[in-house]
Amino acid sequence: MTDLENFFPQISDNKPVRVFLPIRDMDDRLLIQCVFKKTETTHFKLLFKPGTLPENKIDMNTSCLINLDLGGKSVSLESKIIQIVNDQTLEMVAQKTISHEQMREYFRVDCTVPIVIKSLIPEGFGDPEDSWKIMGTTVDLSGSGLRASFKTAPPPNTQVRLELALPLAEMSVVSTLASPVRISQLTEKLWDAAYRFDHIEDEDRDKIIGCCLVAQRRLLRLKVQVKDS
């Protein structure tokens, strides 16, 4: 049996899931809740509430990303749309699974957004030097971590509260707990730091993944335009 065939028995039937639907002529993906209905082997259906599925706008040539919670472990399933059955149903086939341990490499995209890292000790508690914050800018971003540039040295071996502003349809600030993977001083006044997310709400992770998917699509379009020119 393939890895996907071994994976599917772990998914309960009629399970609520979240799917990033590709929309024609748009970079943004539509994040929508639906129900995962098993059919056979790696085929399945996604069932939607009436009036929520934009069947005439779906990009059939681009794969979907489905987020599942399996016993507290978040897994993404990249899948292809076989057909739009009706205004409430998509027939799908799975292509690959992506754990959030793999997410860092799989969905790492160049993305420049403002970032703030803060002490876990709130202002007004402890000694004054215990409460601090450092502003920076992301270099790349993924659903499980990021790399950023700072003009002040981030503290080593220190878990931080990390906030970043995502350029979605409406500006959204995401807050996570994160730990440094590495910190390097590039110049006298510039540091490069990689952080992994230790704790992040599912909704916030979905926002980050959605932002990464938008950035990926824009980069792909740019590559096509450069090649055609």
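The rules behind these values
- Residues numbered from 1 in each chain as written.
- Predicted model: local features only at pLDDT ≥ 70, side-chain atom pairs only at ≥ 80, totals over all residues.
- Heavy atoms only, no water.
- Helix = DSSP H or I, 4+ residues; strand = E, 2+ residues; numbered from the N terminus.
- Buried < 20%, exposed > 50% of the residue type's maximum accessible area, 1.4 Å probe, protein only.
- Contact = heavy atoms within 4.5 Å.
- Areas by Shrake-Rupley, 256 points an atom, 1.4 Å probe, with all protein chains shown as cover.
- Patch = residues over 30% accessible without salt bridge, like charges linked within 9 Å, V, L, I, M, F, W, Y side chains within 5 Å.
- Salt bridge = Lys/Arg side-chain N within 4 Å of Asp/Glu carboxyl O.
- Lys, Arg positive; Asp, Glu negative; His and termini not counted.
- Charge placed at Lys NZ, Arg CZ, Asp CG, Glu CD.
- Pairing = 2+ DSSP bridges.
- Axes fitted to C-alpha atoms, helices over the stretch in contact; angles between N-to-C directions.
- Core = buried A, V, L, I, M, F, W, Y, C linked by side-chain atoms within 4.5 Å.

To continue, consider the overall build of the protein. Along its length, the protein carries 3 helices and 13 strands. Relative to its full complement of 229 residues, the protein shows a buried share of 43%. Pairs at least 24 residues apart make up 57% of the contacts formed inside the protein by residues separated by at least 6 positions. Summed over its atoms, the accessible surface of the protein is roughly 12700 Å², and 49% of this surface lies on carbon and sulfur atoms.

The next subject is a negative patch on the surface. Where like charges cluster on the molecular surface, the negative patch consists of D69, E201, D202 and E203. With respect to the helices and strands, D202 occurs in helix 3 (residues 202–228).

The next point concerns the pairing of strand 11 (residues 160–166). The buried fraction of strand 11 is high, at 5 of 7 residues. When strand 8 (residues 114–118) meets strand 11, the two strands line up antiparallel, connected through 4 bridges. Bridging from a neighbouring strand, V116 pairs with E163 of strand 11. Sheet analysis places strand 11 next to strand 12 (residues 172–187), joined by 7 bridges and oriented antiparallel. Across the sheet, the residue bridging to A165 is V173, located in strand 12.

This part is about the sheet that holds strand 6 (residues 89–99). With respect to topology, 6 strands assemble into a closed barrel ordered 1-2-3-6-5-4, the strand pairing being antiparallel. This sheet shows a mean twist of 45° between the axes of neighbouring strands, independent of strand direction. Bridge count between strand 5 (residues 73–86) and strand 6: 10 bridges; the pairing is antiparallel. Bridged to S76 within strand 6 is I98.

For the coordinates displayed, the defined rule picks out 6 salt bridges. Here R147 ties to D140 by a salt bridge, and the two come within 3.4 Å at their closest N and O atoms. R196 is the salt-bridge partner of D198, the closest N and O atoms lying 3.3 Å from each other. For D198, a relative accessible area of 34% gives the class partly exposed. Taking relative accessible area as the criterion, R196 reaches 44% and is therefore assigned partly exposed. A network of salt bridges, in which partner residues are shared, links D140, R147 and D192.

Turning to the environment of P50, a few remarks are in order. Its location among the elements puts P50 in the loop between strand 3 (43–47) and strand 4 (64–70). Along the sequence, P50 and Q88 sit 38 residues apart, while their C-alpha atoms lie 6.0 Å from each other.

By size, the foremost hydrophobic cluster in this structure holds 25 residues, and its most contacted members are L21, L46 and L77. Considering each element in turn, this core owes the most residues, 4 residues, to strand 4. When sequence neighbours within four positions are dropped, the list of residues in contact with L46 reads V17, V19, C34, V35, F36, I66, Q88, T89, L90 and M92. Core analysis: the second largest hydrophobic core is formed by 24 residues, L162, V174, C211 and A215 among them.

Next up on the list: the environment of D202. Here D202 falls in the partly exposed class, since its relative accessible area comes to 34%. In this structure, the C-alpha to C-alpha distance between D202 and N67, residues 135 residues apart in sequence, is 9.3 Å. The residues contacting D202, other than those within four sequence positions of it, are R18 and D69.

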